[in-house]
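# Chains, contacts and geometry: an overview
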Amino acid sequence: MALNEILQQSAKVKQQVEELSLKYQRQPTSVKVLAVSKTQPAAALAQAYTAGFCNFGENYLQETLEKQAALAHLPNLTWHFIGAIQSNKTKEIAENFSYVHTLSRLKIATRLNNQRPTNLAPLKVFLQVNISNEASKAGVQPEATIELAKEVIQLPNLSLQGLMCLPAASDDLAKQREAFKELAQLQTEINQQLGLQLNQLSMGMTQDLEAAIAEGSTWVRIGTGIFGARN
Ligand SMILES: *Cc1c(COP(=O)(O)O)cnc(C)c1O
């Protein structure tokens, strides 16, 4: 996508989020946009930053490190890791990101906790839940999520924010809402059983933005809607 289109698309996404928040009786400020910039060049991120986005979601470590170096002059950029996490990448993820949205195993959580530099704030994490129970999808099973949450809250260098999901794709709003509703209910259950007050939900992408806002998402992860189709 041409760089000037990113400005227009960004404005459109912001307006959409605001309108949908009002439609579903949400405070517009309670829905934050994570600009998903995987495969996009640093110049594209700089353009989205000019349009007012400062949270960027990336799936690949090496690519992110290069963009972080190229954009080091921009203040207040916040980096979120939203990709699959391999054990041998945890150290660099712990050192170079503020958020991880795709935590689903205790082994990875322990490594991130041990490798988080102590001069940085605790790493904010979401537990990725395989809410649609798809064999092909990553994530902890819904019924195992409470147990994992219980372990993660013991780790002092991690700060559990809430749950995240990437449900089975569907064009149907009602069906999209079902999966998000289940995730929100699971979070309520965890809060009750563990006496927590988790109040962040990472759910919704370009195609299921409305359903996610309707069901209480606080972080919508928007790639295509801002940057156009990926190569
Ligand atoms: C790529 C990606 C997105 C963004 O998807 P779009 O359909 O381009 O908005 C959101 N979340 C995750 C985990 C992704 O990998």
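Within any chain, residue numbers begin from 1 and follow the written order of that chain's sequence. The model is predicted, so local features are restricted to residues of pLDDT at least 70 and side-chain atom pairs to those at 80 or more, both for listing and for counting; the totals for chains, interfaces and linings are taken over all residues. With hydrogens and water set aside, each side-chain value is computed from the structure's full complement of heavy atoms.

### Regarding the pairing of strand β3 (residues 78–81)
- Exposure categories follow from relative accessible area, calculated using a 1.4 Å probe and restricted to protein chains: below 20% of the type maximum is buried, above 50% is exposed, and the middle band is partly exposed. Secondary structure follows DSSP: runs of H or I at least 4 residues long count as helices, runs of E at least 2 residues long count as strands, and numbering of each begins at the N terminus. Across the two faces of β3 the burial is the same, with T78 and H80 and W79 and F81 all buried.
- Paired strands, as defined in this entry, are two strands with at least two bridges between them according to DSSP. Pairing analysis gives 4 bridges linking strand β2 (residues 55–58) to β3, with the strands arranged parallel. In the strand pairing of β3, F56 is matched with W79.
- For crossovers, right-handed means that the path from the first strand over the helix to the second runs clockwise, given strands pointing away from the viewer. As for the winding sense of the linkage, the β-α-β connection from β2 through helix α3 (residues 61–70) to β3 is right-handed.
- The pairing of β3 with strand β4 (residues 99–103) spans 2 bridges and is parallel. For H80, the partnering residue across the bridge sits in β4 and is Y99.

### A few points about the pairing of strand β1 (residues 32–36)
- Within β1, 4 of the 5 residues are buried, leaving the element largely enclosed by the surrounding structure.
- Relative to strand β8 (residues 219–222), β1 runs parallel, the two being bridged by 4 bridges. Pairing of K32 across the sheet is with W219, part of β8.
- Note that β1 and β2 share 2 bridges and pair parallel. When the sheet's bridge partners are listed, V36 is paired in β2 with G57.
- Following the backbone out of β1, through helix α2 (residues 42–50) and into the adjacent parallel β2, one traces a crossover that is right-handed.

### Looking at the packing of aromatic side chains
- Here the aromatic set is Phe, Tyr and Trp, taking the six-membered ring for Trp, and pairing holds for ring centres within 6.5 Å; pairs whose planes are under 30 degrees apart are stacked, those over 60 apart are edge-to-face, and all others are tilted. Tallied over the entire structure, the rule returns 3 aromatic pairs.
- Centre to centre, the rings of F56 and W79 are 6.0 Å apart; their planes meet at 40°, and the pair counts as tilted. Taken as a pair, F56 in strand β2 and W79 in strand β3 lie far apart in primary sequence, 23 residues in all. By the burial criterion, F56 is buried, and W79 matches it.
- Measuring from centroid to centroid gives 5.3 Å for F81 and F97, while their planes differ by 80°, and the two rings are edge-to-face. With F81 in strand β3 and F97 in the loop between α4 (90–96) and β4, this pair connects stretches of sequence that are 16 residues apart.

### Some thoughts on the nonpolar core
- Here the nonpolar core consists of buried residues drawn from Ala, Val, Leu, Ile, Met, Phe, Trp, Tyr and Cys, with membership extended through side-chain atoms lying within 4.5 Å. The biggest cluster of nonpolar side chains holds 62 residues, and the ones touching the most others in it are V100, L103, L112, V152, L158, V220 and I226.
- Of the residues forming this core, the biggest block, 6 residues, is contributed by helix α7 (residues 173–194).
- Ignoring any residue separated from it by four or fewer positions in sequence, one finds V152 in contact with L103, A109, V125, L127, L158 and L160.
- Within the second largest apolar cluster, 7 residues are counted, among which are Y99, F126, M164 and W219. Every residue pair with non-hydrogen atoms within 4.5 Å of one another is taken to be in contact.

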